[in-house]
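Chains, contacts and geometry: an overview
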Amino acid sequence: MKMSYRDRMIALIVVVVALILAGIFVIVKPVTTKISTNKSTLQTVQAEEDRINGIIAQVPVLGETIESEYNESKTYAEGFAESRVTYEVDQFIQEYFNNNQVEILSLSTAESSSEVIDFYSYTPNVVTYPLLEAADINGDIAADTAEKLKTSTVFSTLEAQEVEMYSSTISFNGKKDDILALLDSIRDIDENVIITDVSIDDFTFGSEATENNEKDYSTGSMSINFYVLEPLSEPVLG
């Protein structure tokens, strides 16, 4: 059947419309889908960028915090003894005995070990009773009590910590005044060095001795602990 001009035009228009629709599904729709995917990816990347920028913004604050914590840790470490091997501990002790004219008869330092130390704090004795509480109309007494207990309350929440410890046992011979001076000099050491035990064999210091070289002298023994806390390495923040 021969198509009229009008029918041919209509058919041409239908074909063109069909080609346009096919183009939309074949070309435009995948592009649209890709654009949507890229938008989602962009949002994810932007969120990650915001997170990283937030971390970068915190770096100066974190640096200040780390520096503050490091400086505080140094003050704690300064109160402890230096890390030494056993013969260095012996030499350290020997110097104090020599300076105070006390003779060492024997000296033994054990290899270092870990030791748990507790935080020490004084807990004041706070007495309260109903009449006192009734008289505390403005709360001044309660506030004063809380202030007195504040330090012991804080320390009671802290956990005991482990540090390195050397323990030395020394037998000695010396005069009373020299031994007392020795104990004072060890007590004044600017490190965490603690005399844990002292024993004097003759508290009369030779008052009944018949030999001249025994008068004014007594033998004895003592134990000394050295507590070591290694300082933190200085953080590199730059």
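Below you will find a few notes about this structure.

Parameters at a glance
Residues numbered from 1 in each chain as written. Predicted model: local features only at pLDDT ≥ 70, side-chain atom pairs only at ≥ 80, totals over all residues. Heavy atoms only, no water. Helix = DSSP H or I, 4+ residues; strand = E, 2+ residues; numbered from the N terminus. Buried < 20%, exposed > 50% of the residue type's maximum accessible area, 1.4 Å probe, protein only. Contact = heavy atoms within 4.5 Å. Areas by Shrake-Rupley, 256 points an atom, 1.4 Å probe, with all protein chains shown as cover. Salt bridge = Lys/Arg side-chain N within 4 Å of Asp/Glu carboxyl O. Expected span 1.5 Å × (residues − 1). Arc of directions from axis to C-beta. Core = buried A, V, L, I, M, F, W, Y, C linked by side-chain atoms within 4.5 Å. Pairing = 2+ DSSP bridges. Patch = residues over 30% accessible without salt bridge, like charges linked within 9 Å, V, L, I, M, F, W, Y side chains within 5 Å.

Looking now at the overall build of the protein. From N to C terminus, the protein includes five helices and five strands. Taken from the N to the C terminus, the helices and strands of the protein come in the order α-α-β-β-α-α-β-α-β-β. Expressed as a percentage of the 238 residues in the protein, the buried residues total 21%. A separation threshold of at least 6 residues defines the contact pool for the protein, and within that pool the share at least 24 residues apart is 82%. Roughly 17500 Å² of accessible area belongs to the protein as shown, and the carbon and sulfur atoms make up 56% of that amount.

This part covers unusual backbone geometry. Its identity is not glycine, yet Q101 carries a phi of approximately 55°, on the positive side. Tracing the backbone through its elements, the reader meets Q101 in the loop between helix 2 (86-99) and strand 1 (103-109). On the accessibility criterion, Q101 (55% relative accessible area) is exposed.

Scanning the model with the defined rule gives two salt bridges in all. For R187, the salt bridge goes to D188, with nearest N and O atoms at 3.4 Å. As far as burial versus exposure is concerned, R187 and D188 are alike and both exposed. Salt bridges here are not isolated pairs; linked through shared partners, they connect D184, R187 and D188.

Let us now look at helix 2. The periodicity of an α-helix, 3.6 residues per turn, causes residues three or four places apart in sequence to face the same way. Spanning 14 residues, helix 2 covers 20 Å between terminal C-alpha atoms, matching the ideal 20 Å at 1.5 Å per step. Taken together, the buried positions of helix 2 are T86, V89, F92, I93 and F97. In an axial view of helix 2, the angular spread of the buried residues amounts to 135°, which keeps them on one side of the axis. Across helix 2 from its buried face, at more than 90 degrees, point the exposed residues Y87 and N99. On its buried face, helix 2 is in contact with strand 1, strand 3 (161-175), helix 5 (176-187) and strand 5 (217-228). Downstream of helix 2 by a residue or two, Q101 has a phi angle that is positive, lying close to 55°.

Counting residues in each nonpolar core, the largest one holds 21 residues, and the members touching the most others are F97, M222 and F226. Put simply, the parts of the chain that give this core at least two residues each are helix 2, strand 3, helix 5, strand 4 (193-200) and strand 5.

Inspection of the sheet shows strand 1 paired to strand 3 by six bridges, in the antiparallel sense. Residue pairing across strands places S106 opposite S171, the latter belonging to strand 3. Relative to strand 3, strand 2 (residues 113-117) runs antiparallel, the two sharing five bridges. Paired with S114 across the bridge in strand 3 is E164. As paired elements, strand 3 and strand 5 share 12 bridges and run antiparallel to each other. Bridging across to strand 5, S171 finds its partner in S221.

Right, let's talk about helix 5 for a bit. Counted at 1.5 Å a residue, the expected span for helix 5 with its 12 residues is 16 Å, and the 17 Å between its end C-alpha atoms agrees. For helix 5, the full list of buried residues reads I179, L182, L183, S185 and I186. Across the axial projection of helix 5, the buried residues extend over an arc of 165°, all falling on one side. Exposed side of helix 5, more than 90 degrees from the buried face: D177 and R187 are the residues found there.

In this section: a nonpolar patch on the surface. Nonpolar side chains collect at one region of the surface, where V127, Y129 and L131 lie side by side and expose about 340 Å² of accessible area between them. As for its placement among the helices and strands, L131 is situated in helix 3 (residues 130-135). What makes L131 exposed here is its relative accessible area of 67%.

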